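# A closer look at the structure
If you want the building blocks of each chain, they are given just below.
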Amino acid sequence: MRLILVGPPGAGKGTQAVHLASNFSIPHISTGDIFRFNIKGETELGLLAKSYMDKGNLVPDSVTNDMVKDRLTHPDTKNGFLLDGYPRNIEQADFLANVLKENGTPLDAVLEFSLENAEIIKRLAGRRVCRGCGATSHVEFDKPKVSGICDACGGELYQRDDDKEEVIANRLAVYAEQTAPIINYYKQAGILKTISAVGEVSDIAARAIAALK
Ligand code: AMP
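The sections below set out a description of the structure shown in this document. Starting afresh in each chain, residues are numbered from 1 along the sequence in its written order. In view of the model being predicted, local features appear only for residues whose pLDDT reaches at least 70, and side-chain atom pairs are presented and counted only at 80 or more, with totals across whole chains, interfaces and linings using the full set of residues. Side-chain calculation: all heavy atoms of the structure are included, whereas hydrogens and water are not.

## Observations regarding the site of the ligand
Heads up, the condition is: Only heavy atoms are used to decide nearness, and a residue is near a molecule or strand if one of them lies within 4 Å of it. Two N or O atoms count as a polar contact when they lie within 3.5 Å, although within protein this holds only if one can serve as hydrogen donor and the other as acceptor, and sequence-adjacent residues are included solely when both atoms are side-chain atoms. The Shrake-Rupley method, run with a 1.4 Å probe, gives the accessible areas here. Residue values count only the displayed protein chains as cover. What counts as a helix is a DSSP run of H or I of at least four residues, what counts as a strand is a run of E of at least two, and both are numbered from the N terminus. Each residue gets one label: Ala, Val, Leu, Ile, Met, Phe, Trp, Tyr, Cys and Pro are nonpolar, Asp, Glu, Lys and Arg are charged, and the others, such as Gly, are polar.
Surveying the vicinity of the ligand reveals 16 residues, the closest of which are Thr31, Arg36, Asn57, Gly85 and Gln92. At 2.9 Å, a backbone N or O of Gly85 approaches a nitrogen atom of the ligand. At a separation of 2.9 Å, a nitrogen atom of the ligand approaches a polar side-chain atom of Gln92. Taking 480 Å² as the accessible area of the ligand by itself, protein coverage stands at 95%. If one sorts the elements of the shell around the ligand by residue count, helix H2 (residues 31-40) sits on top with four residues. Classifying every residue of the shell around the ligand gives five nonpolar, six polar and five charged.

## Structural notes on the sheet that holds strand E5 (residues 127-130)
Selection rule: Here, any two strands with at least 2 DSSP bridges between them count as paired.
Strand order in this open sheet of three strands is E6-E5-E7, and the pairing throughout is antiparallel. Pairing within the sheet leaves two strands with one partner each, and these edge strands are strand E6 (136-138) and strand E7 (157-158). Pairing geometry for E5 and E6, over three bridges, is antiparallel. For Arg127, the partnering residue across the bridge sits in E6 and is His138.

## A look at the packing of aromatic side chains
Defined as follows: Within 6.5 Å between ring centres, the rings of Phe, Tyr and Trp (the latter by its six-membered ring) count as paired, and their orientation is classed by plane angle as stacked under 30 degrees, edge-to-face over 60, tilted in between. Note on classification: 1.4 Å probe, protein chains only; a residue is buried when its accessible area is under 20% of the maximum for its type, exposed when over 50%, partly exposed between these limits. For a ring to carry a charge above it, either NZ of a lysine or CZ of an arginine must fall within 6 Å of the ring centroid while also lying within 35 degrees of the normal to the ring plane.
Going through the model one piece at a time under the given rule, you end up with one aromatic pair. Summarising the aromatic geometry, the rings of Tyr185 and Tyr186 are spaced 5.0 Å apart at their centres and angled 80 degrees between planes, so their arrangement reads as edge-to-face. Assessed through its relative accessible area of 4%, Tyr186 is described here as buried. The residue whose ring lies beneath Arg131 is Tyr158, and the NZ or CZ to ring-centre distance is 4.3 Å.

## Details of the sheet that holds strand E2 (residues 28-30)
Definition in use: Note on geometry: axes are lines fitted to C-alpha atoms, helical ones only across the stretch in contact, with angles between N-to-C directions running from 0 to 180 degrees. We call two residues in contact when some of their heavy atoms are within 4.5 Å.
Taken in spatial order, the five strands of this open sheet run E2-E3-E1-E4-E8, and their pairing is parallel. Either end of the sheet is taken by a strand with one partner, and the two such strands are E2 and strand E8 (192-196). Ignoring strand direction, the axes of neighbouring strands in this sheet form an average angle of 20 degrees. With four bridges joining them, strand E1 (residues 2-6) and strand E3 (residues 81-84) adopt parallel strand pairing. From the neighbouring strand, Leu5 faces E3, where its bridge partner is Asp84. Sheet strands touched by H2: E2 and E3. Its angle to E2, the strand with the most contacts, is close to 65 degrees.

Structure below.
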């Protein structure tokens with residue numbers, strides 16, 4: 001299965017990606033996670049990415065495209081992959097189409113998560129991420145057993161800089177202007193499936209699997 005997840009920030013793509021990747025036994029490739037990993041390791045790529053991410057802007061295509069192209073050469077992608085957070089504009093979608101054409105590995109599906117803006121803002125502003133394992137929780141809707149501590153690994157929970165309210169508005173604008181057009185792009189290609197991202201995590205997971213069958 002070669003799959004892309006598309007949807008606004010806060011739609012729960014990352015959470016669903018983990019379920020789907022395990023269900024289809026394919027690697028979960030999140031460009032946001034790769035950037036955050038590099039920021040943590042204070043690499044050159046991390047420093048560059050941080051300057052864009054902190055403002056809610058996209059990291060330049062020249063950097064992101066090559067990073068994804070390289071990731072898709074890893075042997076674990078032989079039986080498929082799940083891309084989470086890429087492509088994020090038409091140029092990236094075109095670039096990916098060329099890479100996959102060269103590799104002879106066309107996409108099977110693009111799964112869109114749909115969600116209203118008001119709900120997105122509530123979710124993002126309360127989201128917390130574990131410094132240790134990257135698991136996410138929410139201060140209101142998915143509270144950890146002990147405040148500030150990750151249920152999964154005991155790590156410290158923090159708020160992503162780009163989940164601060166002043167940055168969220170820009171991320172939503174960037175999504176509407178740059179990323180939303182790829183939905184039509186894949187609709188025209190006949191591989192788009194859309195599901196509602198509202199409800200319990202397990203219900204959304206069931207919807208996602210049903211849409212991909
Ligand atoms: P995410 O974790 O997917 O919400 O991504 C967090 C941030 O990483 C985004 O707001 C962008 O700044 C950057 N980013 C992630 N994926 C991409 C991409 N495909 N193109 C450009 N920037 C990206």
